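Here is what each chain is made of, one letter per residue.
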Amino acid sequence: MSSLPYPWVIAAVAVLVAAGATFALLNQPATDDRAASALLIRAQSDITVALETLDGRLSHAASRLGATGLNDTAARAILSNLAATDPAIVDCTASNPEGTLVAAEPAAYHGAEGTDLRDQPNVLYVLSSKRPIMSEVITVAEGFPAAVISTPVFTNEGRFAGFTSVVFRPEVLIGNAVGPAVNGTPFQVMVVQTDGRVLYDTDPAQVGRMTFEDPLYADYPDLLDVARRVAAERYGTATYAFTAGGRSVQKEIAWTTTGLHGAEWRVAVIREVG
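Our subject in this report is the structure included herewith. (Residues numbered from 1 in each chain as written. Predicted model: local features only at pLDDT ≥ 70, side-chain atom pairs only at ≥ 80, totals over all residues. Heavy atoms only, no water.)

Examining the overall build of the protein
- Counting secondary structure elements, the protein contains six helices and 11 strands.
- Of the contacts formed within the protein by residues at least 6 apart in sequence, a portion of 51% connects residues at least 24 apart.
- Looking at the protein as shown, the accessible area adds up to about 12000 Å², and 54% of this sits on carbon and sulfur atoms. (Helix = DSSP H or I, 4+ residues; strand = E, 2+ residues; numbered from the N terminus. Contact = heavy atoms within 4.5 Å. Areas by Shrake-Rupley, 256 points an atom, 1.4 Å probe, with all protein chains shown as cover.)

Digging into the environment of Gly 143
- The topology assignment puts Gly 143 in the loop between strand 4 (138–139) and strand 5 (145–154).
- Classification of Gly 143 by relative accessible area gives exposed; the value is 56%.
- A C-alpha to C-alpha distance of 8.8 Å links Gly 143 and Ala 112, two positions 31 residues apart in sequence. (Buried < 20%, exposed > 50% of the residue type's maximum accessible area, 1.4 Å probe, protein only.)

Points about empty space enclosed by the protein
- What the rule picks out here adds up to one cavity of 30 Å³ or more.
- The wall of the largest cavity is formed by 14 residues, among which Thr 93, Leu 117, Gln 120, Val 148 and Val 167 lie closest to the centre.
- Among the secondary structure elements, those contributing two or more residues to the lining of the largest cavity are helix 4 (121–129), strand 5 and strand 6 (160–168).
- The element that contributes the greatest number of residues to the lining of the largest cavity is strand 6, accounting for three residues.
- Residues of the lining of the largest cavity, tallied by class, amount to eight nonpolar, five polar and one charged. (1 Å grid on protein atoms, 1.4 Å probe; cavity = no way out; pocket = protein on both sides within 12 Å on 5 of 7 lines; lining within 4 Å. Points joined across faces, edges and corners; volume = space filled by probe spheres on them. Nonpolar A, V, L, I, M, F, W, Y, C, P; charged D, E, K, R; others polar.)

A closer look at the nonpolar core
- Ile 47, Phe 168 and Trp 265 are the most contacted members of the largest nonpolar core, which totals 48 residues.
- Ranked by residues supplied to this core, first place goes to helix 2 (residues 30–68) with 12 residues.
- Residues Val 198, Leu 223, Val 226 and Ala 238 belong to the second largest nonpolar core, which totals 17 residues. (Core = buried A, V, L, I, M, F, W, Y, C linked by side-chain atoms within 4.5 Å.)

Some details on the pattern of salt bridges
- Under the definition given, this model contains 10 salt bridges.
- Arg 76 is the salt-bridge partner of Glu 105, the closest N and O atoms lying 2.7 Å from each other. Placement of Glu 105 in strand 2 (residues 101–105) and of Arg 76 in helix 3 (residues 73–83) is noted, with a sequence separation of 29 residues between them.
- According to the relative accessible area criterion, Arg 76 is partly exposed, its value standing at 24%. (Salt bridge = Lys/Arg side-chain N within 4 Å of Asp/Glu carboxyl O.)

Some thoughts on unusual backbone geometry
- A cis amide bond, omega 10°, links Glu 105 with the succeeding residue Pro 106.
- Note on placement: Pro 106 falls in the loop between strand 2 and helix 4.
- Unusually for a residue other than glycine, Lys 130 sits at a positive phi of about 60°.
- Looking at the secondary structure, you find Lys 130 in the loop between helix 4 and strand 3 (133–134).
- Look at Lys 130 and you get partly exposed, because its relative accessible area is 32%.
- Positive phi outside glycine occurs at His 261, with the angle close to 50°.

Brief notes about the packing of aromatic side chains
- Taken as a whole and assessed by the stated rule, the structure comprises three aromatic pairs.
- Taken together, a centroid distance of 6.2 Å and an interplanar angle of 70° make the contact between Tyr 109 and Phe 144 edge-to-face. Note that Tyr 109 is positioned in the loop between strand 2 and helix 4 and Phe 144 in the loop between strand 4 and strand 5, a separation of 35 residues in sequence.
- Phe 144 sits in the buried class, given a relative accessible area of 13%.
- Sitting over the ring of Phe 160, Lys 130 keeps its end group 4.8 Å from the ring centre. (Phe/Tyr/Trp six-rings, centres within 6.5 Å; stacked < 30°, edge-to-face > 60°. Lys NZ or Arg CZ within 6 Å of the ring centre and 35° of its normal.)

Digging into the layout of surface pockets
- Empty space within the largest pocket amounts to approximately 370 Å³.
- As for the largest pocket, its lining consists of 23 residues, of which Met 190, Tyr 217, Leu 223, Tyr 240 and Ile 270 are closest to the centre.
- Of all the elements in the fold, those that place two or more residues in the lining of the largest pocket are strand 7 (188–193), strand 8 (198–201), helix 6 (221–232), strand 9 (236–244) and strand 10 (247–260).
- Considering every element that reaches the lining of the largest pocket, the biggest residue donor is helix 6, with five residues.
- Here the residues of the lining of the largest pocket sort into 15 nonpolar, five polar and three charged.

Side note on the pairing of strand 2
- Most of strand 2 is tucked away: four of the five residues are buried.
- Where strand 1 (residues 89–95) meets strand 2, four bridges bridge the pair, whose relative direction is antiparallel. Bridge pairing links Thr 93 to Ala 104 in strand 2. (Pairing = 2+ DSSP bridges.)

Set out below in structure tokens:
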């Protein structure tokens, strides 16, 4: 199971302090300051736990596949059981050392079997490095956008036998992780990739939008400037103007970072301040 790098823990604490100070300067009630800052840290922590739990289950499945092989009934049972562990998982797959998908479960995704996956950078990485990786949201072999965690499979003799993957929907994973904390609060939680793709938002209409390309944001240069900062910086705070319901509002955003196997997600808490 991957652990959150120590500098990210320091960054999270720094954001907690910075966000509280910034919110205070905006003359908001102290209880709101503490609530917003605490929500940011809790969201980061809960998403990290969700990702690492998924990764740990995948690693366990990889160990079992190393003993059974990738294409028999026992292997399919391992993949099916893994797919049932989290509602965010769409399917689980096994691929051979040549990068061909040889097994996919549940059965609804058997049609993806036989696909050559070597056009995917994450697949080339795991084949060459024999190390785990999490992709950005990509169009997977099954034909829809999703994120993929892949880990190598080794036989009991230590021979590289291929790799196994979980294909999952980040918005479901994140929503299940942060929903209980954000429900009933005045805050918006958003999670984005460093390319600006919105992975999760408490406003479902935002999920999947590409911040830097979407016409919705084209008339908001302040927002786009802040979005570039969020993409480039692991943590920070900023304000920007946005029009909602026909009126211009000022918003405050504080963000930090979580991720897995080198992939980074920005986790943000947003609130209206004027």
